[in-house]
Amino acid sequence: MALLAACAGGGDTEQTPASGRAGPASMARTVEPGQPVSDQQVPHLNVGLAGKVTLVDPADNMESGLFVNQLGLEPLLRIDPEGQLQPWLATEWEQVSDTVYEYTLREGVTFWDGTELTAEDVKYSWDHLRAPESRRANYFATVDTVEAVDPYTVRVTLTQPDASWQYTPAMWYSVIFQKTFAEEAGDSFGQPGTLLVATGPWKFDSVNPATGMELSAHEDYWGGKPPVDRISIKAFADDNSMALALRAGEIDITPTVAGPTGFDAAAGGNSVTTVQTCANTLLSIPTQSEPWTDVHVRRAVAYAINQDDIIAAAQGAAAGPAEHLISDQLLRTLGSDEEVDAALDRVRTYAFDVEAAEGELAQSSVPDGFAYDLTVTATSAPMAEVIAAQLGEIGIDLTVAVLPDTAYYAALGEDEKPLTFFQTGPCSPDPSWAALFMDTDAAGQPVGLNFAEYAPPEVTQLLADGLLEQDPKERLGIYAEVLGHLGEDVPYVPLYAEGNTYGSTEYDLVEFSSFWSNLPWVLSLVPK
């Protein structure tokens, strides 16, 4: 659910300016870790976010709060826009064996209260985040122990080889906070009246779930003086009200825009910058419910989908078409462009073809078509209507059932899954991230974000092999084989490649990429 709520994306930095204006997202970071990209000092920055900021405990924080947390909470490593690891709170890291990783902390890093960051704080933070009750526990599933070897060395031992672990210390769900404060706070840790203590460039001063959050500069920040003295986070009900606030000068920037086209119009134009991510929006087909158990029905849907029309209805949220559940960009961490293209050449895809769609439906158990509900939230309704119209052309009569957010998420948790679609959201640079949408329990039953209830034993085994295997070229072959099964079975239909969009008429964000929300992103602020 965190993925669906956050929708932060991941991957490439190629610009897709919705307003016709190219931003600086592809500029290389030439400054040292922790330092701002601009030396211009800003006394006060007003930031808009759609949604409430209710908690700062990173084990529980959801939705908009995730984008605030990173201004004060930092990870050990950084992922650059190309998906490469770089230093942050750790200066060195080493994979000692298939199951052991060690991290050397940067010396002299201080918390907001002046005490020094040590390995004990990292151990405590990660143990907190991987506790069974944490919403982040699944990201630490293969961790056996976290040890503070000495004040500046952290050792992680895994229960088994896990090739995706290398990226975890750089992600938004692995941030570090102070052990002493957390222990003293007890159950109130991270609550609006208690907050927390961390190392980042901005301190959390106050949280009001109804209105937003106040932050101030950490004067002794290890990267030097923060470029902004005060940050006010202002909560808005939706994109439109936030765009009007930007137009009126009430906010300076918002790092997340759901519908860039409408936002840009309401903000007065020239206000948005969009980059492509490595996440794909997917139509999720309930493969265990009739008539979706019939693969010919699912293939008919895949052929009937015209991505161009859906992208047009996405209001700028789409950065382009998508062919596979696993984005090609994720596979390019495992091989060259030529090697990836060669692996994908063997994967079945479905270009828009009404005649082929009708042929597949004619072979199915429902050759004359059928009726079904397409269940979505209000923000997805325009795209849902487009999908319904497309499938109506081949005899599949979809009724768009629009639910409030709470009821929608409840429906996803029901035993009988709905036909729906969703943005898959923030990912790591590792292709195993997409395994979340094919997740199974120890008995091989679909769980978690596997809303299509797709769990063939051979695919489950391939996904396990993809983590155990350490050689990139072997892993590329494994994930290409996974995509081969998905291409034949069609539990999900890709609708478009997602985009990340920020909105501002005064500032740009250098290196705004798939991984922007893993770090204190205001450090990348530059005046236009």
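Residues numbered from 1 in each chain as written. Predicted model: local features only at pLDDT ≥ 70, side-chain atom pairs only at ≥ 80, totals over all residues. Heavy atoms only, no water.

Peer 1: Outline the overall build of the chain, listing residues and values.
Peer 2: Of regular secondary structure, the chain possesses 15 helices and 18 strands. Relative to the globule expectation of 24 Å for 528 residues, the C-alpha radius of gyration of the chain, 23 Å, shows essentially globular dimensions. Its C-alpha atoms give the chain principal-axis dimensions of about 70 × 55 × 45 Å. A total of 528 residues make up the chain; the buried ones form 58% of that total. Long-range pairs, those at least 24 residues apart, make up 71% of the contacts in the chain between residues at least 6 apart in sequence. Summed over all atoms, the accessible surface of the chain reaches about 19800 Å², with 47% contributed by carbon and sulfur. When the 25 basic and 78 acidic side-chain charges of the chain are each reduced to a single mean position, those positions are 6 Å apart. (Helix = DSSP H or I, 4+ residues; strand = E, 2+ residues; numbered from the N terminus. Rg over C-alpha atoms; globule rule 2.2 N^0.38 Å. Buried < 20%, exposed > 50% of the residue type's maximum accessible area, 1.4 Å probe, protein only. Contact = heavy atoms within 4.5 Å. Areas by Shrake-Rupley, 256 points an atom, 1.4 Å probe, with all protein chains shown as cover. Lys, Arg positive; Asp, Glu negative; His and termini not counted. Charge placed at Lys NZ, Arg CZ, Asp CG, Glu CD.)

Peer 1: Tell me what's going on with the pattern of salt bridges, and back it up with residues and numbers.
Peer 2: Summed over the entire model, instances satisfying the criterion amount to 15 salt bridges. Among the salt bridges present, the one from Lys 179 reaches Glu 120, with a minimum N-O distance of 3.6 Å. A residue pair is termed long-range when its members are at least 10 positions apart, and Lys 179 in helix α4 (residues 179-185) and Glu 120 in helix α3 (residues 119-129) qualify at 59 residues. With a relative accessible area of 23%, Lys 179 lands in the partly exposed category. It is possible to trace a salt-bridge network through shared partners that takes in Arg 299, Arg 348, Glu 360 and Glu 488. (Salt bridge = Lys/Arg side-chain N within 4 Å of Asp/Glu carboxyl O.)

Peer 1: Let's hear about helix α10 (residues 337-344): which residues, and what values?
Peer 2: Within the span of α10, buried status applies to Val 340, Ala 343 and Leu 344. Viewed along the axis of α10, the buried residues span an arc of 95°, placing them on a single side of the element. In this structure, the buried side of α10 is in contact with α9 (328-331) and α15 (472-489). (Arc of directions from axis to C-beta.)

Peer 1: Before we move on, can you summarise the packing of helix α5 (residues 239-247) against helix α6 (residues 260-267) with the specific residues and values?
Peer 2: The interhelical angle for the contact between α5 and α6, taken along N-to-C directions, is 35°, at an axis separation of 8 Å. By crossing handedness, the relation of α5 to α6 is classed as right-handed. Each of Asp 239, Asn 240, Met 242, Ala 243, Leu 244, Leu 246 and Arg 247 in α5 lies in contact with α6, whose residues at this interface are Phe 263, Ala 265, Ala 266 and Ala 267. Grouping the constituent residues of the contact of α5 with α6 by class yields eight nonpolar, one polar and two charged. (Axes fitted to C-alpha atoms, helices over the stretch in contact; angles between N-to-C directions. Left-handed = near helix turned anticlockwise from the far one by under 90°. Nonpolar A, V, L, I, M, F, W, Y, C, P; charged D, E, K, R; others polar.)

Peer 1: How would you sum up the packing of aromatic side chains? Please name residues and give values.
Peer 2: According to the stated counting rule, one finds 23 aromatic pairs in the structure shown. Taking 5.4 Å as the distance between ring centres and 85° as the angle between the ring planes, the aromatic pair formed by Trp 292 and Tyr 372 counts as edge-to-face. One end of the pair, Trp 292, is in the loop between β11 (272-284) and α7 (295-304); the other, Tyr 372, is in strand β13 (residues 370-376), with 80 residues separating them in the sequence. Residue class for Tyr 372 comes out buried when judged on its relative accessible area of 18%. Geometrically, the ring pair formed by Trp 516 and Trp 521 is edge-to-face, given 6.0 Å between the ring centres and 80° between the ring planes. Members of the aromatic cluster, each reached through a chain of ring pairs, are Phe 67, Tyr 502, Phe 512, Trp 516 and Trp 521. (Phe/Tyr/Trp six-rings, centres within 6.5 Å; stacked < 30°, edge-to-face > 60°.)

Peer 1: Quick rundown of the pairing of strand β8 (residues 202-208)? Include the residues and the values.
Peer 2: Sheet topology note: the β8/strand β9 (residues 212-217) ladder contains six bridges and is antiparallel. Bridge pairing in β9 places Ser 206 opposite Glu 214. Linkage of β8 to β9, two consecutive antiparallel strands, is achieved through a turn of three residues. (Pairing = 2+ DSSP bridges.)

Peer 1: Explain the confidence of the model for the chain to me, and be specific about the residues and the numbers.
Peer 2: Averaged over every residue, the pLDDT of the chain is 90; the share at 70 or more is 94%. Every residue in residues 1-28 scores below 50 in pLDDT, and together they form 110 contacts with partners more than four places removed in sequence or on other chains. (pLDDT = per-residue confidence, 0-100.)

Peer 1: Can you break down the pairing of strand β4 (residues 90-95) residue by residue, with the values?
Peer 2: Pairing geometry for β4 and strand β5 (residues 100-105), over five bridges, is antiparallel. Note on β5: the bridge partner recorded for Glu 92 is Thr 104.

Peer 1: An account of the sheet that holds β8 is needed here, citing residue identities and associated values.
Peer 2: Spatially, β1-β10-β9-β8 is the arrangement adopted by the four strands of the open sheet, whose pairing is mixed. Bordering the open sheet on either side are β1 (42-50) and β8, each of which pairs with just one other strand. Strand-to-strand twist in this sheet, taken as the mean axis angle between neighbours without regard to direction, amounts to 15°. Against the sheet, α5 engages β1 and β10 (228-236), with an angle of about 155° to β1.

Peer 1: Lay out the packing of α7 against helix α11 (residues 354-362) in plain terms, naming residues and giving numbers.
Peer 2: Direction vectors running N to C along α7 and α11 enclose 170°, while the axes themselves pass 8 Å from each other. The angle between α7 and α11 places the two elements in the roughly antiparallel class. For the pair α7 and α11, the contacting residues are His 296, Val 297, Arg 299, Ala 300, Tyr 303 and Ala 304 in the first and Ala 356, Ala 357, Glu 360 and Leu 361 in the second. Considering only residue class, the contact of α7 with α11 consists of seven nonpolar, one polar and two charged. (Parallel < 35°, antiparallel > 145°, perpendicular 65-115°, else oblique.)

Peer 1: Run through the side chain of Ser 38, naming residues and quoting values.
Peer 2: As for its position among the elements, Ser 38 is in the loop between α1 (2-6) and β1. A distance of 3.2 Å separates a polar atom in the side chain of Ser 38 from the backbone nitrogen of Gln 40. Here Ser 38 is in contact with Pro 227, Leu 525, Val 526 and Pro 527, once residues within four sequence places are set aside. (Polar contact = N/O pair within 3.5 Å; in protein donor to acceptor, adjacent residues only side chain to side chain.)

Peer 1: Tell me about the nonpolar core, residues and numbers included.
Peer 2: If you look at the biggest cluster of nonpolar residues, it comprises 76 residues, and the most contacted ones within it are Leu 76, Trp 126, Ile 231 and Ile 233. Setting aside residues up to four positions removed in sequence, Trp 126 forms contacts with Leu 76, Phe 140, Val 146, Val 154, Val 156, Trp 165, Pro 169, Ser 174 and Ile 176. (Core = buried A, V, L, I, M, F, W, Y, C linked by side-chain atoms within 4.5 Å.)

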